[in-house]
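# Coordinates in review
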Protein chains: 4
Amino acid sequence: MSFNTFGHLFRVTTWGESHGPALGATVDGVPPGVPVDAAQIQHWLDRRKPGQNKFTTQRQEPDQVRILSGTFEGLSTGTPIQLMIENTDQRSKDYGDIAKSFRPGHADITYYQKYGLRDYRGGGRSSARETAARVAAGGLARAALAQLAPDLRISGYMVQVGPHAIDRARFDAAEIERNPFWCPDAEMAAFWSGYLDDLRLSHNSVGAVIEVVASGVPAGLGAPIYGKLDSDLASAMMSINAVKAVEIGEGMAAAALTGVENADEIRFGPNGPEYLTNHAGGILGGISTGQDVVVRFAVKPTSSILTPRRTITTAGDEIDLITKGRHDPCVGIRAVPVGEAMMACVLLDHLLMDRGQTGGVRGQIG
Amino acid sequence: MSFNTFGHLFRVTTWGESHGPALGATVDGVPPGVPVDAAQIQHWLDRRKPGQNKFTTQRQEPDQVRILSGTFEGLSTGTPIQLMIENTDQRSKDYGDIAKSFRPGHADITYYQKYGLRDYRGGGRSSARETAARVAAGGLARAALAQLAPDLRISGYMVQVGPHAIDRARFDAAEIERNPFWCPDAEMAAFWSGYLDDLRLSHNSVGAVIEVVASGVPAGLGAPIYGKLDSDLASAMMSINAVKAVEIGEGMAAAALTGVENADEIRFGPNGPEYLTNHAGGILGGISTGQDVVVRFAVKPTSSILTPRRTITTAGDEIDLITKGRHDPCVGIRAVPVGEAMMACVLLDHLLMDRGQTGGVRGQIG
Amino acid sequence: MSFNTFGHLFRVTTWGESHGPALGATVDGVPPGVPVDAAQIQHWLDRRKPGQNKFTTQRQEPDQVRILSGTFEGLSTGTPIQLMIENTDQRSKDYGDIAKSFRPGHADITYYQKYGLRDYRGGGRSSARETAARVAAGGLARAALAQLAPDLRISGYMVQVGPHAIDRARFDAAEIERNPFWCPDAEMAAFWSGYLDDLRLSHNSVGAVIEVVASGVPAGLGAPIYGKLDSDLASAMMSINAVKAVEIGEGMAAAALTGVENADEIRFGPNGPEYLTNHAGGILGGISTGQDVVVRFAVKPTSSILTPRRTITTAGDEIDLITKGRHDPCVGIRAVPVGEAMMACVLLDHLLMDRGQTGGVRGQIG
Amino acid sequence: MSFNTFGHLFRVTTWGESHGPALGATVDGVPPGVPVDAAQIQHWLDRRKPGQNKFTTQRQEPDQVRILSGTFEGLSTGTPIQLMIENTDQRSKDYGDIAKSFRPGHADITYYQKYGLRDYRGGGRSSARETAARVAAGGLARAALAQLAPDLRISGYMVQVGPHAIDRARFDAAEIERNPFWCPDAEMAAFWSGYLDDLRLSHNSVGAVIEVVASGVPAGLGAPIYGKLDSDLASAMMSINAVKAVEIGEGMAAAALTGVENADEIRFGPNGPEYLTNHAGGILGGISTGQDVVVRFAVKPTSSILTPRRTITTAGDEIDLITKGRHDPCVGIRAVPVGEAMMACVLLDHLLMDRGQTGGVRGQIG
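On a predicted model such as this, the values are computed, not experimentally measured, just so you know.

### Focus on the interface of chain B and chain C
The interface is formed by 104 residues belonging to chain B together with 104 residues belonging to chain C. Counting each side, the surface lost to burial between chain B and chain C is near 8200 Å², with a carbon and sulfur contribution of 61%. The largest per-residue losses of area from chain B upon contact with chain C belong to B:Tyr226, B:Lys244 and B:Arg267, which jointly make up 11% of the total buried on that side. The tally of links between chain B and chain C comes to 10 salt bridges. For the salt bridge of B:Arg267 with C:Glu318, the shortest nitrogen-to-oxygen distance reads 3.7 Å. The interface formed by chain B and chain C holds 59 residue pairs in polar contact (both at pLDDT 80 or more) in total.

### What about the UniProt feature "binding site: NADP(+)" (unreviewed entry) in chain A?
Residues and elements named next belong to chain A. Summarizing the sequence annotation, UniProt attributes the feature "binding site: NADP(+)" (unreviewed entry) to Arg48 and Lys54 in the numbering used throughout. In this fold, Arg48 is placed in helix α1 (residues 38-48). When sequence neighbours within four positions are dropped, the list of residues in contact with Arg48 reads Asp63, Ala128, Arg129, Thr131, Ala132, Val135, Arg334, Pro337 and Val338.

### Let's talk about the packing of helix α1 (residues 38-48) of chain D against helix α3 (residues 131-148) of chain D
Residue and element names in this part refer to chain D. At a minimum axis separation of 8 Å, α1 and α3 run at an interaxial angle of 140°. When the axis of α1 is compared with that of α3, the two are oblique. Regarding α1 and α3, the two cross each other, and that crossing is right-handed. On α3, the residues that touch Gln40, Ile41, Trp44, Leu45 and Arg48 of α1 are Thr131, Ala132, Val135, Ala136, Gly139, Leu140, Arg142 and Ala143. Grouping the constituent residues of the contact of α1 with α3 by class yields eight nonpolar, three polar and two charged.

### Focus: the state of the cysteines
By definition, a disulfide links the sulfur atoms of two cysteines through a covalent bond. In this structure the tally under the stated criterion is zero disulfides over all chains. Free cysteine: C:Cys183, not disulfide-bonded; nearest cysteine sulfur from C:Cys330 at 11 Å.

### Observations regarding the UniProt feature "binding site: FMN" (unreviewed entry) in chain A
Mapped onto this numbering, the UniProt entry annotates "binding site: FMN" (unreviewed entry) at A:Arg125, A:Ser126, A:Ser127, A:Asn241, A:Ala242, A:Gly285, A:Lys300, A:Pro301, A:Thr302, A:Ser303, A:Ser304 and A:Arg326. You can see A:Arg125 is positioned in the loop between α2 (108-115) and α3 (131-148). With relative accessibility at 3%, the residue A:Arg125 sits in the buried group. Leave out the neighbours within four places in its chain, and A:Arg125 touches A:Asn4, A:Thr14, A:Trp15, A:Gly16, A:Glu17, A:Tyr111, A:Glu130, B:Thr79, B:Pro80 and D:Ile225. Here the side chain of A:Arg125 touches A:Asn4 through a polar contact of 3.0 Å, side chain to side chain. Mapped onto the elements of the fold, A:Lys300 is located in the loop between β16 (293-299) and β17 (309-312). By relative accessible area, which is 10% here, A:Lys300 ends up buried. When sequence neighbours within four positions are dropped, the list of residues in contact with A:Lys300 reads A:Gly105, A:Val206, A:Gly207, A:Ala242, A:Lys244, A:Val331, D:Ala254, D:Asn262 and D:Leu284. Within the structure, the side chain of A:Lys300 is placed 2.9 Å from the backbone oxygen of A:Gly105, a separation counted as a polar contact.

Quick notes on the rules
Residues numbered from 1 in each chain as written. Chains lettered and ligands numbered in written order. Predicted model: local features only at pLDDT ≥ 70, side-chain atom pairs only at ≥ 80, totals over all residues. Heavy atoms only, no water. Contact = heavy atoms within 4.5 Å. Buried area = accessible area lost by both parts, 1.4 Å probe. Salt bridge = Lys/Arg side-chain N within 4 Å of Asp/Glu carboxyl O. Polar contact = N/O pair within 3.5 Å; in protein donor to acceptor, adjacent residues only side chain to side chain. UniProt positions renumbered as here; feature names shortened; annotations may be inferred. Helix = DSSP H or I, 4+ residues; strand = E, 2+ residues; numbered from the N terminus. Axes fitted to C-alpha atoms, helices over the stretch in contact; angles between N-to-C directions. Parallel < 35°, antiparallel > 145°, perpendicular 65-115°, else oblique. Left-handed = near helix turned anticlockwise from the far one by under 90°. Nonpolar A, V, L, I, M, F, W, Y, C, P; charged D, E, K, R; others polar. Disulfide = S-S within 2.5 Å. Buried < 20%, exposed > 50% of the residue type's maximum accessible area, 1.4 Å probe, protein only.

What follows is the structure, given as structure tokens:
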């Protein structure tokens with residue numbers, strides 16, 4: 001079975017392969033009356049775009065989005081919005097040598113086993129290129145959120161590359177846009193730069209941890225028991241290529257805390273309930289508390305490396321394989337805007353579940 | 001809420017408006033390994049294509065389908081297949097005069113009330129043009145059915161135009177492709193031709209009844225209680241523009257039958273159980289019996305007519321409106337291939353629910 | 001595949017067999033704060049209850065509903081409401097003789113073919129007894145509608161038994177509760193009484209047509225394209241046991257109308273747009289217009305009759321079968337409250353899709 | 001919106017509150033012909049049952065499951081199976097003092113904010129008592145898996161309590177059932193015993209990490225892109241009460257690995273492809289590889305502790321609250337069987353997606 005849609009009321013179906021003519025997202029459930037234009041979505045795509053620096057794949061894709069449906073005179077109409085991105089720089093020849101062998105760490109072998117055939121060019125459907133469609137859909141989600149929850153802000157950044165984590169004391173939000181790593185710690189960004197250069201030159205790669213924070217999230221979002229906000233976020237983040245773990249608030253560290261430490265005590269502030277800490281990551285019982293929603297996810301190292309690894313072929317041979325191509329030494333870097341996009345989609349979805357999509361009769365006559 | 005997807009495992013999301021840049025279908029759940037090519041899908045689209053004779057809208061659309069994803073070397077890969085049809089002959093100027101008035105019998109007023117704004121050009125999303133996407137998706141469904149249930153055949157035809165029904169005694173399947181009405185009764189087809197000419201000249205239109213029959217349907221399809229085969233067919237056919245009723249087997253006439261008459265008695269034939277009649281239309285308890293699945297649906301008369309009708313405007317005025325444009329005197333004609341497409345989609349969906357989509361490990365190694 | 005849930009946001013999962021220990025409905029999506037008590041749901045169940053007169057099955061079931069979850073201090077909490085009805089008068093021995101033979105017109109053969117085994121006692125899951133769970137769920141839907149759309153009223157009644165239809169000129173809503181047929185035409189009710197007596201004595205049965213009308217429906221309900229209000233109603237009604245056709249507004253008769261006749265012209269009335277007719281049955285483009293929503297469905301004659309019918313057995317024998325048991329001569333009678341319940345469920349579901357379920361933060365602190 | 005169902009084809013809807021009359025699971029999608037009996041499900045419930053030792057809540061619940069539907073003569077029929085567990089030892093009086101105050105770390109405040117009212121008795125719907133229904137459903141899933149994938153084994157155990165993790169070198173599967181912690185390291189189990197005693201006496205609690213491993217999982221399970229096996233596992237585990245993080249394979253540690261280290265190299269073994277390591281946790285591109293599927297999740301410390309914590313009341317007061325009641329010092333202990341149950345449900349669901357539920361015509365006639 002294929003299952004290419006996520007979301008309950010805000011439903012995003014992504015489609016397309018790394019080297020097909022195009023890819024995109026069919027986005028159903030955008031409320032009517034939301035200002036939508038291609039330039040605005042392009043803004044988010046450009047952040048994710050490959051080839052912008054030496055730390056991401058050198059594939060050159062303009063990733064130009066076209067809106068094919070669902071808007072009229074600049075506003076969403078409540079009908080599906082089709083976002084299409086044409087592939088241009090495909091270089092399928094690069095992949096001829098992996099047509100019949102399975103790159104370790106890639107989905108080559110599992111797609112082949114499951115489906116019996118696979119589009120091996122650039123990983124086909126399993127390529128991280130699919131995330132461009134998510135980022136485009138996330139742009140739509142942000143546009144709707146700007147209307148429905150104007151105080152909501154989403155910010156993603158890298159907090160760890162390999163074993164090297166940022167120093168929270170040096171956290172500076174302004175730094176995030178200033179370095180190629182979306183790193184809020186300028187000093188660590190400088191260190192990563194050299195570290196990744198070395199890795200690349202030694203034909204290696206490394207993993208990373210990304211944190212995405214949403215502030216201004218209304219209290220009350222989340223659909224217990226099986227559409228909990230954290231459950232949906234876990235699913236959304238884990239569906240991103242190469243992600244191996246998802247944390248909410250304290251995450252794995254919660255295991256080591258005591259109940260006394262972990263309790264987010266509550267008092268009143270000027271605007272109502274105020275939590276003294278946020279170990280919970282803004283979610284209790286699957287429902288948002290109004291605090292920052294804090295999600296982290298770990299991305300494994302890029303599997304495509306120039307160091308030979310042992311593997312097998314469809315024909316049954318054992319070989320050593322070097323994966324050529326234009327790959328990111330740290331695929332986590334490009335996951336930052338993807339994580340932000342998933343956060344935006346999940347939050348909008350839950351907001352719509354609470355409040356409906358059209359809000360009753362909208363058009364007045366006479 | 002917008003809800004532009006149908007199907008359980010074979011999921012079709014249609015998108016696009018009558019006068020946007022393009023429309024299409026995002027088709028998820030096609031099993032891997034199905035031969036898919038644009039020409040084959042084009043075949044079904046050409047049957048539905050407008051402007052082919054004087055009884056259907058004179059809009060000239062090549063309705064050329066492009067496959068943007070989900071196939072590799074001519075076979076489906078198990079990933080979403082994007083089918084796009086670009087709009088070319090849009091003539092939006094024809095619709096300027098209805099931007100602010102509501103055509104009686106159309107969705108103009110309800111879309112406006114629901115969404116607060118609408119793409120009025122050609123009916124926007126509510127245009128019957130959306131059914132082109134269904135027909136394209138139906139072409140994919142047929143390709144998959146050809147593999148999974150090779151004996152399955154689907155045939156749609158008109159059985160009534162206005163009050164004039166065919167004579168079942170003259171039923172000749174070979175006639176269906178020979179007249180512009182998909183009519184299996186040559187004599188009635190000739191009569192309809194004159195009848196519709198008269199209606200058109202008098203600025204009027206008329207309704208119709210379409211029957212769609214599937215033979216060679218395996219026994220056992222249907223997911224009781226709320227995914228019954230007939231329940232899903234009813235939903236599918238009722239979702240077609242202008243459809244006001246759906247019948248299975250005897251349909252409304254079942255009310256007038258006695259239990260003695262209506263019983264489809266069972267004996268054994270050379271290939272197992274054999275029913276002596278088919279009042280049930282091939283479905284018992286929501287599950288296929290192996291007999292022909294017989295569905296009929298009634299299409300209301302085209303609402304766009306050149307006779308003035310009373311209506312109102314968004315500004316609150318009462319006016320008399322003539323709906324110009326290029327409209328079908330009997331929109332039912334073009335519903336025939338659409339009904340066939342929906343039948344194909346529903347049957348494939350249920351076949352996949354029974355048997356799964358990948359059938360376990362498919363790719364053998366070594 | 002089994003598919004026992006209906007609804008998008010108001011989701012009803014029915015469970016249970018005719019002769020198991022209990023049956024019921026798991027109802028998810030009731031908004032919080034709705035007054036819910038068992039007596040109120042019991043009211044609707046009592047209307048459907050078998051054994052109330054000689055025209056319905058003589059099985060005596062108290063059909064006592066118990067609420068096992070989802071309410072607190074008399075109000076819904078927004079969590080799933082479990083409605084359980086215990087089976088008491090099961091007489092499984094009546095069904096021993098059909099354990100290995102297939103009653104014509106029943107789901108016996110298709111369940112057997114699909115699942116390889118079946119609970120043959122009283123039809124098991126395919127029994128019309130399952131509709132008790134729907135009626136209970138419909139009671140919940142009505143309670144929620146009473147809060148969300150207080151002017152909404154739902155009324156079901158029989159308009160045809162066998163070939164004998166009511167005279168619309170004699171329509172009197174007050175009559176509906178006064179006869180065992182939910183017939184709005186007293187004269188026809190009296191006629192049906194004798195007619196059904198004769199049928200029963202001659203070991204026969206007959207079909208019927210039920211009409212369900214909802215007034216006070218807000219404009220704007222419906223989720224085009226594939227969750228249209230009429231599409232969902234068609235699915236809901238077709239899922240009721242023995243239903244073979246569903247009509248909206250003019251239904252099949254729409255085929256015989258011209259566009260001039262069928263146009264529901266619009267003017268202004270004291271409360272906004274006013275339609276001069278209602279051929280559409282209150283739905284345009286899948287969205288409610290604010291007029292009465294009018295649905296009709298045809299129920300086939302009871303298949304269980306005392307007249308022998310030809311059939312086969314699991315062992316491969318051809319036999320003649322008389323279906324004993326306690327059966328309704330016209331199963332359509334008991335379908336009336338079921339049709340009403342389905343209407344209530346579908347309308348609530350669409351209301352919630354438009355307006356959400358919790359409507360944002362509800363609980364105020366301090 | 002409430003969302004109490006999980007699964008695609010194997011769909012489990014849990015219902016019930018901590019102190020209502022009963023709770024349970026409505027399980028739809030069990031394939032027909034699976035041997036099902038209450039004793040077998042009871043086995044799994046007994047493992048989770050509270051009050052079995054001093055480390056879990058002292059509430060005494062027999063947790064006796066009743067099967068109300070969906071089976072016939074000991075076999076599943078393909079219809080919904082209703083599993084009901086009656087609540088007996090409810091002691092609602094214990095909770096009177098928290099009716100109007102919000103326990104820190106609990107869902108009290110968010111349920112109140114979302115729904116405007118809440119069943120405060122024992123946490124109502126948000127109580128971990130809901131997980132009994134999951135364990136019952138998991139028992140059904142295991143029964144089906146025993147038929148469909150007989151080599152599949154699922155084993156859950158604790159690997160960390162507070163900061164104290166097991167020593168993998170001492171891992172002994174036989175130990176798991178021998179201590180109250182499902183701990184595979186006997187030495188660490190002994191240590192935890194004293195550690196937890198101390199915590200309890202000091203009115204404190206602590207978090208934990210649970211690992212669940214499935215061996216014998218067929219290759220090819222998983223529905224990319226948004227129904228990936230790991231994505232569904234993340235969602236399933238994160239939906240368990242108090243879970244704050246989910247890891248697959250290396251999990252968070254993947255971030256610190258290099259591509260050379262992390263590559264799971266492939267060679268051939270006697271039964272086909274053989275991976276030399278399992279950093280991936282048995283899943284590549286969202287699809288199972290055939291290796292062990294390895295999931296870990298972190299459970300936060302029990303929030304109900306006897307140490308006073310600052311909080312607020314519905315009336316707007318600031319108070320210090322001690323949460324009395326019968327609570328687990330380490331709620332993670334009882335999460336072990338829950339994690340196993342979720343693993344079983346997710347794997348069955350994916351197996352059915354691949355292979356269908358009925359597999360075509362099952363019942364042979366003659």
